[in-house]
Amino acid sequence: AGQRLDFISPKLSVEGRYSYAFVERVLDIPNDRSNVSVETAYQFSRKIHGRAFVSWQRTHGGLRVGGLPPYPLSPPGDLVSQERIDQHDRLLRDNFFHAGAGFSYQLSQFDVFGSYVEYVSGTDTHSGRAFTVGISWPFEVR
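1. A few points about the pattern of salt bridges
A complete count under the given rule lists six salt bridges for this structure. Here Asp6 and Arg4 are joined by a salt bridge, their closest N and O atoms 2.9 Å apart. By sharing partners, the salt bridges in this structure join Glu15, Arg17, Glu39 and Arg51 into a single network.

Pasting the structure below:
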């Protein structure tokens, strides 16, 4: 769902998304996921757009790595068999919260865009950041 925020500025908008993924079970371990994201966008000029966003994921099931507090890194957590170790990438209980910002610049034949995403918090997930740049060519259907 999205909405322009004309009462603040006609160049400002906000949108939100929720999705639920029904994931095929591997080793009979449930690993469904809920994802929520909220984004706000601002049109600085006809050609320059900016955005800021947050995203959250909650895994319903999955495997935990390590023990429970107060020893969060003590092995092996739920990785108690070679089968589970072999499948841990797709079966992790990957819960996270990310935040980021991006921009796009419209040229006559294509758009240039970039974004930066930062890990804020999470469990059994990867921490870090990502910087992405790219170009896109719009097309018309005639």
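Next comes the rest of the account.
2. Quick notes on the environment of Phe22
Along the chain, the position of Phe22 falls in the loop between strand 2 (12–21) and strand 3 (31–43). Linking Phe22 and Trp137, residues 115 residues apart in sequence, is a C-alpha distance of 33 Å.

3. A closer look at a nonpolar patch on the surface
Residues Tyr18, Tyr20, Phe22, Val36, Val38, Val54 and Trp56 make up a contiguous nonpolar surface patch of about 690 Å² in total accessible area. Within the residue set of the nonpolar patch, elements represented by two or more residues are strand 2, strand 3 and strand 4 (48–61). Topologically, Tyr18 is positioned in strand 2. You can call Tyr18 exposed: its relative accessible area is 54%.

4. Focus on the nonpolar core
In this structure, Val26, Ile29, Leu63, Leu79 and Leu91 together form the largest nonpolar core, which totals five residues. Look past the residues within four positions of Leu63 in its chain and what remains in contact with it is Ile29, Asp78, Leu79, Arg84, Leu91, Leu92, Arg93 and Asp124.

Thresholds, definitions, all that
- Residues numbered from 1 in each chain as written.
- Predicted model: local features only at pLDDT ≥ 70, side-chain atom pairs only at ≥ 80, totals over all residues.
- Heavy atoms only, no water.
- Salt bridge = Lys/Arg side-chain N within 4 Å of Asp/Glu carboxyl O.
- Helix = DSSP H or I, 4+ residues; strand = E, 2+ residues; numbered from the N terminus.
- Patch = residues over 30% accessible without salt bridge, like charges linked within 9 Å, V, L, I, M, F, W, Y side chains within 5 Å.
- Areas by Shrake-Rupley, 256 points an atom, 1.4 Å probe, with all protein chains shown as cover.
- Buried < 20%, exposed > 50% of the residue type's maximum accessible area, 1.4 Å probe, protein only.
- Core = buried A, V, L, I, M, F, W, Y, C linked by side-chain atoms within 4.5 Å.
- Contact = heavy atoms within 4.5 Å.

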